[in-house]
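Structural description and commentary
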Amino acid sequence: MPVPTATPKPAAPFLPMTRPTIDDETIAGVCEVLRSGWITSGPKVKEFEAKLSAYFGGRPVRAFNSGTCTMEIALRIAGIGPGHEVITTPMSWVATSNVILEVGARPVFVDIDPVTRNIDLSRIEAAITPATRAIMPVDLAGLPVDRDQLYTIAKKHNLRVIEDAAQSFGTTWAGKRIGSFGDFVSFSFHPNKNVTTIEGGCLVLNNEAEAKLAEQYRLQGVVRSGMDGMEVEIVGGKFNLTDVAARVGLGQIAQVDAFTTRRRELARLYFEKFSTLAARSTSLLLPVADFEQSNWHMFQVVLPEEKLAVKRAEIMTQLNAAGIGTGVHYPAIHLFALYRRLGWKAGDFPHAEYFGRNTLTLPLFPTMADSDVTRVVETLVAILQQHLRS
Ligand SMILES: *Cc1c(COP(=O)(O)O)cnc(C)c1O
C-alpha cells in the first residue's frame, strides 16, 4: 500500500555554498598511496612541493598540515614575538590574528576599504609604531590586495610581509601569480578553499635558509644528517602534511586553472543576473567585478541592513528552506570575546563591523551549473522583496 506523505518533493537538490571537486584520477591516486606502504610525509609531499614551487615561479615552497600553522611559522622565521606588533585586517578568518597572539605579539587592526573589503592600505602608515615588525594582509574572497602599494609601504618602513593568501590560490596581481613574488606567502588547502588537500597549507619562502627553518618548525625542530645523525636546536611542532593529503593536492594543481576559469564564469553570471531591475531594487551591495585577477574564492553580497525588516539569519533560514546553502565570512574579529578582553570594542572599525553583520556568501564552486546561479539570484531577490521596508 502506498504510504501517503505530506512532505512535498523539493524542486531541486540542495545547493551547498561550496563543494570540493575531486576527480576519479585523484581518487585512484590516493588509493595507490594507501596501498604503497608509505602514507605519511614522504615522496608525494616532495612531489607536491616541487609542483607548487614550479607553479610559483621556482620560489622555495614547503607544505604543512594547515594554513594556520604556515602563518605562525612565517612569523617565527621572521623573529616576531613578545613586544612586537603586526598590522592586519579585522575582516578575515580568526586564524589570521590568532597566530599573531600565538607567537606572543600583538595584532594591530586597520579597518577595511568598504569597496574591496580588504585592509585599507591608505590607513596602514598611521598604525605603524616603533614596535611594528610586519604587515599581514588578506585577499578576502580571492580579490588581491594592491601589491604595489603594499610593498612600497613595507619597504619604506622596513617591515616584513606575511601574505595570508589562504583564499587567493590562482589569483594574480599585474599579470603575476600571487605567491610568485613578494615576501612570505601562505596558502590554505582546507576543503572550502579553491585548492584542497582535505586539510593542509603551504608557505612560499624567500630562500633555502628560510625553507630549512620552516622544515624544523614543521617537525619538532629536528635536523637529520648522514645515516644516523639527528640534532634539535629549536622548538618545533607537529605540522607535517601526509602523503595521502599531498596526493589529493597533486590532483588539484592539475585542475586549478580550469577551476579558476569556471569560477570567473559563474561570478560573471551572478553579476548579469543581479543587474536586472528587480535585483537592483533590493539595494544589495555586490563585490568588486574583477574577472581578470580574482580567483573568485567566494561571491559575497552585503544585505541592506537599513532597508530590511529582518536580520541576516532570517534571510539565511529562508534560503536554506528553499534548498540554498549560504555562509558568513566573517564576523569582525575584534568583536569576539577574546579580542574584546584584549581591549577592542564595537565602533573601532565601522566598515569591518558593518560588513561582518551584513555579508552573505552565496554558492560558488566549479561544478555548479549556470541554472544554479539563476535560481540563487531569483530566490534571494524574492525573499528580500518580502522584507524590504517601504
Ligand atoms: C582558511 C583560512 C585560514 C586558515 O587556514 P586553515 O588551513 O584552515 O588553517 C587563514 N586565513 C584565511 C583568510 C582563511 O580563509
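Residues numbered from 1 in each chain as written. Predicted model: local features only at pLDDT ≥ 70, side-chain atom pairs only at ≥ 80, totals over all residues. Heavy atoms only, no water.

**Some details on the overall build of the chain**
This is how the line gets drawn: Numbered from the N terminus, helices here are DSSP runs of H or I no shorter than four residues, and strands are runs of E no shorter than two. Throughout, radius of gyration means the C-alpha value; the globule benchmark is 2.2 Å times the number of residues raised to the power 0.38. Only protein chains enter the accessibility calculation, which uses a 1.4 Å probe; a residue is then buried when its area is under 20% of its type maximum, exposed when over 50%, and partly exposed in between. The contact criterion used is simple: two residues touch if any of their non-hydrogen atoms lie within 4.5 Å. Surface accessibility in these figures is a Shrake-Rupley result with a 1.4 Å probe; residues are shielded only by whichever protein chains are displayed.
In terms of helices and strands, the chain carries 14 helices and 13 strands. For the chain, the C-alpha radius of gyration of 22 Å lies close to 21 Å, the compact-globule estimate for 390 residues. Along the three orthogonal principal directions, the C-alpha set of the chain runs to about 70 × 60 × 40 Å. The proportion of buried residues among the 390 residues of the chain is 55%. Restricting the contact set of the chain to residue pairs at least 6 apart, pairs at least 24 apart contribute 71%. A total of about 17600 Å² of accessible surface is found on the chain, and carbon and sulfur atoms cover 57% of it.

**Digging into the sheet that holds strand E3 (residues 106–109)**
To be explicit about the condition: Strands were regarded as paired on the criterion that DSSP finds at least two bridges between them. Fitting a line to C-alpha atoms yields each axis, with helices limited to the stretch in contact; the angle taken between N-to-C directions then spans 0 to 180 degrees.
Strands sit in the order E1-E9-E8-E5-E4-E2-E3 across an open sheet of seven strands; the sheet is mixed. What marks the edges here is a single partner per strand, and that holds for strand E1 (61–64) and E3. Mean inter-strand twist for the sheet, computed between neighbouring axes without regard to direction, equals 25°. Both E1 and strand E9 (residues 201–204) contribute to a ladder of four bridges, which runs antiparallel. Its bridge partner being in E9, Arg62 is matched across the sheet by Leu203. On top of the sheet, helix H2 (residues 43–55) reaches E1 and E9; it is set at about 130° to E1, its chief contact.

**Quick word on the site of the ligand**
In plain terms, the rule: Being near a molecule or strand, for a residue, comes down to having at least one heavy atom within 4 Å of it. The definition of a polar contact used here is a pair of N or O atoms within 3.5 Å, where within protein one atom must be able to donate a hydrogen and the other to accept one, and adjacent residues in sequence count solely through side-chain atom pairs. Side-chain classes are defined by residue name, with Ala, Val, Leu, Ile, Met, Phe, Trp, Tyr, Cys and Pro counting as nonpolar, Asp, Glu, Lys and Arg as charged, and the others, Gly among them, as polar.
Within the structure, the ligand sits among 16 residues, and Gly67, Thr68, Asp164, Ser188 and Lys193 are positioned closest to it. Here an oxygen atom of the ligand and a backbone polar atom of Gly67 are 2.8 Å apart. Take Thr68: an N or O atom from its side chain is 2.5 Å from an oxygen atom of the ligand. Burial of the ligand by the surrounding chains reaches 93%, relative to a free accessible area of 380 Å². Secondary structure elements with two or more residues in the shell around the ligand: helix H3 (67–77) and helix H4 (95–102). Tallying contributions element by element places H3 first for the shell around the ligand, with three residues. Residue composition of the shell around the ligand, by class: six nonpolar, eight polar and two charged.

**Observations concerning the domain arrangement of the chain**
One frequent convention defines the size of an interface as the accessible area lost when the parts assemble. Applied cut-off: Segmentation into domains, and thus their bounds, comes from an automatic or database assignment. In short, buried area is how much 1.4 Å probe accessible area vanishes from two parts on joining, totalled over both.
If you check the domain split of the chain, you get domain 1 (24–253) and domain 2 (256–387). Each of domain 1 and domain 2 was reduced to a C-alpha centroid, and the two centroids are 26 Å apart. At the interface, 42 residues of domain 1 touch 37 residues of domain 2. Between domain 1 and domain 2 the total buried area reaches about 3100 Å² when both faces are included, carbon and sulfur atoms providing 58% of it. On the domain 1 side of the interface with domain 2, the three residues burying the most area are Phe109, Arg117 and Asn194, jointly 22% of the side's total.

**Details of the environment of Asn320**
Structurally, Asn320 can be placed in helix H11 (residues 312–321). Since its relative accessible area comes to 44%, Asn320 is described here as partly exposed. In this structure the C-alpha to C-alpha distance between Asn320 and Leu15, which are 305 residues apart in sequence, comes to 9.0 Å.

**A short note on the pairing of strand E11 (residues 229–232)**
Sheet analysis places strand E10 (residues 222–225) next to E11, joined by four bridges and oriented antiparallel. Across the sheet, Arg224 pairs through a bridge with Met230, a residue of E11. Hairpin geometry of E10 and E11 is characterised by an intervening segment of three residues between the two adjacent antiparallel strands and by a positive phi of about 60° at Gly226.

**Quick look at the nonpolar core**
Burial of nonpolar side chains together is a common tendency in soluble globular proteins. Put simply, the rule reads: Buried Ala, Val, Leu, Ile, Met, Phe, Trp, Tyr and Cys residues that are joined via side-chain atoms within 4.5 Å together make up what is termed a nonpolar core.
By size, the foremost hydrophobic cluster in this structure holds 31 residues, and its most contacted members are Tyr270, Phe274, Phe299, Leu360, Leu362 and Leu380. Broken down by secondary-structure element, the contributors of at least two residues to this core are helix H9 (256–274), strand E12 (299–302), H11, strand E13 (359–362) and helix H14 (370–387). The element that contributes the greatest number of residues to this core is H14, accounting for seven residues. Every residue in contact with Phe299, bar those within four places of it in the chain, is listed here: Ala267, Tyr270, Phe271, Phe274, Leu286, Pro287, Leu360, Thr361, Leu362 and Leu364. Formed by 24 residues, the second largest nonpolar core is a distinct cluster that contains Ala165, Phe169, Trp173 and Ile178.

**Topic: the pairing of E3**
Regular strands place their side chains on alternate faces of the sheet. Convention followed: With strands facing away from the observer, any crossover in which the path from the first strand over the helix to the second runs clockwise is taken as right-handed.
Here strand E2 (residues 85–88) runs beside E3; their pairing, made up of four bridges, is parallel. Each bridged residue has a counterpart across the sheet, and for Val86 the counterpart in E3 is Pro107. Handedness of the crossover is the feature at issue here: the chain leaves E2, passes through H4, returns alongside E3, and the resulting connection is right-handed.

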